Amino acid sequence: KTLLEELGCYSAELLEKPRLVVANKIDLPEAADHRKAFTKAYKKVEVLPVSCETGEGLEALKARILLF
């Protein structure tokens, strides 16, 4: 919410651009619950799970970034 407020103050056009939340540390046991709560609270936000520790999801992140 804070980031969106800051972007909106800078330029309303930025709020119209696509956005992606990268959820790191999905290898942790509590990650599934945190992701579930986040996606429930922010239904319109795309969430891409990754683990920098294990490398899981990093190739998908790279591919997704290329689409922006």
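Computed from a prediction, not measured in an experiment: that's the story for all the values here. (Residues numbered from 1 in each chain as written. Predicted model: local features only at pLDDT ≥ 70, side-chain atom pairs only at ≥ 80, totals over all residues. Heavy atoms only, no water.)

(A) Looking closely at the packing of aromatic side chains. Summed over the entire model, instances satisfying the criterion amount to one aromatic pair. Taking 4.8 Å as the distance between ring centres and 35 degrees as the angle between the ring planes, the aromatic pair formed by Phe38 and Tyr42 counts as tilted. Exposure remark for Tyr42: the relative accessible area of 30% places this residue in the partly exposed category. (Phe/Tyr/Trp six-rings, centres within 6.5 Å; stacked < 30°, edge-to-face > 60°. Buried < 20%, exposed > 50% of the residue type's maximum accessible area, 1.4 Å probe, protein only.)

(B) View of the environment of Glu30. As for its placement among the helices and strands, Glu30 is situated in the loop between strand 1 (20-23) and helix 2 (31-41). We classify Glu30 as partly exposed; its relative accessible area is 38%. (Helix = DSSP H or I, 4+ residues; strand = E, 2+ residues; numbered from the N terminus.)

(C) Summary view of the pairing of strand 2 (residues 46-49). Two elements, strand 1 and strand 2, share four bridges in a ladder whose sense is parallel. In the strand pairing of strand 2, Val21 is matched with Val47. Regarding topology, helix 2 serves as the crossover connection from strand 1 to the parallel strand 2, and that connection is right-handed. (Pairing = 2+ DSSP bridges. Right-handed = clockwise from strand over helix to strand, strands pointing away.)

(D) Just unusual backbone geometry, in detail. Despite not being glycine, Lys25 has its phi angle at roughly 65 degrees, a positive value. Relative to the assigned elements, Lys25 resides in the loop between strand 1 and helix 2.

(E) Region of the structure containing the environment of Cys9. Inspection of the secondary structure puts Cys9 in helix 1 (residues 2-10). Between the C-alpha atom of Cys9 and that of Leu28, which follows or precedes it by 19 residues, the distance is 35 Å.

(F) Seen up close, the pattern of salt bridges. The final tally for this structure, using the stated rule, is two salt bridges. For Glu46, the salt bridge goes to Arg64, with nearest N and O atoms at 2.8 Å. Here Arg64 lies in helix 3 (residues 58-67) and Glu46 lies in strand 2, a separation of 18 residues in the sequence. By relative accessible area, which is 21% here, Arg64 ends up partly exposed. A salt bridge links Glu59 to Lys62, with the shortest nitrogen-to-oxygen separation between them at 3.2 Å. Within this pair, Glu59 and its partner Lys62 are both found in helix 3, separated by three residues, close to a single helical turn. For Glu59, a relative accessible area of 57% puts it in the exposed group. (Salt bridge = Lys/Arg side-chain N within 4 Å of Asp/Glu carboxyl O.)

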